[in-house]
Amino acid sequence: MNGFLHELRKAPLTAQFGCVVVLLYIFVAIFAPMLAPFGESEVVGYEYEPWSAVNWLGTDSLGRDMATRMIYGARNTIGIALLTTVIAFVVGTTAGFFAAVLQGWVDQLLSRAVDVVISIPTLIFALLLLTIFGASVTSLIGVIALIYATFVYRIARAVAMGIVVMDYVEAAQVRGEGLWWIMRKEILPNAAPPLVAEFGLRFCFVFLTISGLSFLGLGIQPPAADWGSMVRENASLITFGDLTPLIPAAAIGLLTVAVNFIVDWMLHKASGLKTRGK
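The rules behind the values
- Residues numbered from 1 in each chain as written.
- Predicted model: local features only at pLDDT ≥ 70, side-chain atom pairs only at ≥ 80, totals over all residues.
- Heavy atoms only, no water.
- Helix = DSSP H or I, 4+ residues; strand = E, 2+ residues; numbered from the N terminus.
- Buried < 20%, exposed > 50% of the residue type's maximum accessible area, 1.4 Å probe, protein only.
- 1 Å grid on protein atoms, 1.4 Å probe; cavity = no way out; pocket = protein on both sides within 12 Å on 5 of 7 lines; lining within 4 Å.
- Points joined across faces, edges and corners; volume = space filled by probe spheres on them.
- Nonpolar A, V, L, I, M, F, W, Y, C, P; charged D, E, K, R; others polar.
- Expected span 1.5 Å × (residues − 1).
- Arc of directions from axis to C-beta.
- Contact = heavy atoms within 4.5 Å.
- Salt bridge = Lys/Arg side-chain N within 4 Å of Asp/Glu carboxyl O.
- Phe/Tyr/Trp six-rings, centres within 6.5 Å; stacked < 30°, edge-to-face > 60°.
- Core = buried A, V, L, I, M, F, W, Y, C linked by side-chain atoms within 4.5 Å.
- Bend = angle between axes of the 7 residues up to and from the residue.

A.B. asks: For the overall build of the protein, give the residues involved together with the corresponding values.
C.D. replies: When helices and strands are counted, the protein shows 11 helices and zero strands. Going from N to C terminus, the protein has its helices and strands arranged as α-α-α-α-α-α-α-α-α-α-α. Projected onto the principal axes, the alpha-carbon positions of the protein cover approximately 70 × 50 × 30 Å. A total of 278 residues make up the protein; the buried ones form 41% of that total.

The structure is reproduced here in structure tokens:
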């Protein structure tokens, strides 16, 4: 922990800003029930009440407190996006390493299947699958994880292809080490830096995709709070000059920018380049 704080103090202001924002979002997501003034789906007034001391951001179309919905939205939107990204990375990385180590027909089969999935526009493919399997949270996580695992597969396979030809991997194979041992002990540690950076970028894409699907009505379903659906439900307020619907949209954009700042910093560190003009 001390090492991370030391590195963070030397990081550029953009990376420090990104870390502060991400930590703030995580804090809000974890302690949402303690921070929120009302229940997640509790009706506390009439529809579209203005901002006040009681309802800091007014109420939504059903009379629920918008500030409370924003706080719970952090837990739902970020939590589901993070879980989906983790699943996508476990599946995609494992398949990519398998293809790189085994090669031959296994590599060809997996790569051609991935090419087919990637050739279909992500949002259209997600809408099609969610229409078939339903818009439950389980289906949402499974569909988005499957789609983005293909992108992770290509990165993991490309990185692993450059590692499996190294002498230490060939030595491990000569010693008779198993496939899982080679993947876990030899390939994964050396492939970690680009994969960690890719995780941050992929989280942003997953996060934006889930928010977009919620805006279209096929993401996180009511009564659960979600920033994407909050924009859709309260979009009519913009006609009357009320900027409340833009607040969840700004929360989505701010987190995306913050994560990208951190990823840029991590990629710069992994490249071994020194920062100029510091």
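A.B. asks: Before we move on, can you summarise the layout of surface pockets with the specific residues and values?
C.D. replies: Taken as a whole, the largest pocket holds about 490 Å³ of empty space. Taken together, 21 residues make up the lining of the largest pocket; nearest its centre are V22, I26, F203, V259 and I262. Top element by residues in the lining of the largest pocket is helix α2 (residues 13–30). It accounts for seven residues. Here the residues of the lining of the largest pocket sort into 19 nonpolar, two polar and no charged.

A.B. asks: An account of helix α6 (residues 122–133) is requested, with residue identities and associated values reported.
C.D. replies: With 12 residues, α6 should reach 16 Å at 1.5 Å per residue; the first-to-last C-alpha distance of 16 Å fits that figure. Those residues of α6 lying buried are F125, A126, L129 and L130. Looking down the long axis of α6, one finds its buried residues gathered within 125° of arc, a one-sided arrangement. Of the exposed residues in α6, the ones pointing more than 90 degrees away from its buried face are I124, T131 and I132. On its buried face, α6 is in contact with α5 (104–118), α7 (137–163) and α9 (179–216). A positive phi of about 95° marks G134, the residue just after α6.

A.B. asks: Please provide a residue-by-residue account of the pattern of salt bridges, values included.
C.D. replies: Counted by the stated rule, this structure contains five salt bridges. Notably, a salt bridge pairs R64 with D60, separated by 2.8 Å at the nearest N-O pair. The buried category is assigned to R64, whose relative accessible area is 5%. What makes D60 buried here is its relative accessible area of 1%. Note that R64 is salt-bridged to E233, the shortest N-O span being 3.6 Å. Separated by 169 residues along the polypeptide, R64 in the loop between α3 (32–35) and α4 (66–102) and E233 in helix α10 (residues 227–233) bring together distant segments of the chain. On the basis of relative accessibility, which here comes to 18%, the residue E233 falls in the buried class.

A.B. asks: So, the side chain of T68: which residues are in play, and what are the values?
C.D. replies: Note that T68 resides in helix α4. Of the residues examined, T68 reaches a relative accessible area of 0% and is grouped as buried. Discounting residues that sit within four places of it in the chain, T68 has contacts with A36, P37, F38, G39 and E40.

A.B. asks: I'd like to hear about the packing of aromatic side chains, residue by residue, with values.
C.D. replies: Per the counting criterion, the structure on display carries eight aromatic pairs. Between Y25 and W227, the aromatic rings sit 5.8 Å apart at their centres with planes inclined by 90°, giving edge-to-face as the arrangement. Here Y25, found in helix α2, pairs with W227, found in helix α10; they are 202 residues apart in sequence, far enough to count as distant. You can call Y25 buried: its relative accessible area is 10%. The interplanar angle of 85° and the centroid separation of 5.4 Å between the aromatic rings of F98 and W180 together place this pair among those described as edge-to-face.

A.B. asks: Please give an account of the nonpolar core that cites residues and values.
C.D. replies: The biggest cluster of nonpolar side chains holds 49 residues, and the ones touching the most others in it are I78, L140, I144, F207, I210, W227 and L255. Contributing elements (two or more residues each) for this core: α2, α4, α6, α7, α9, α10 and α11 (246–271). Top contributing element to this core by residue count: α4, with 10 residues. Formed by 16 residues, the second largest nonpolar core is a distinct cluster that contains V152, A156, I182 and L195.

A.B. asks: Before we move on, can you summarise α9 with the specific residues and values?
C.D. replies: Side chains of residues three or four places apart in an α-helix project in the same direction, reflecting 3.6 residues per turn. In this model α9 runs just 43 Å from its N-terminal to its C-terminal C-alpha over 38 residues, more than 12% under the 56 Å that 1.5 Å per residue would give. In the structure, α9 departs most strongly from a straight axis at A192, where the bend amounts to approximately 60° and where the proline P193 lies between one and four residues downstream.

Everything listed here is a matter of geometry and, on its own, says nothing about what the molecule does.
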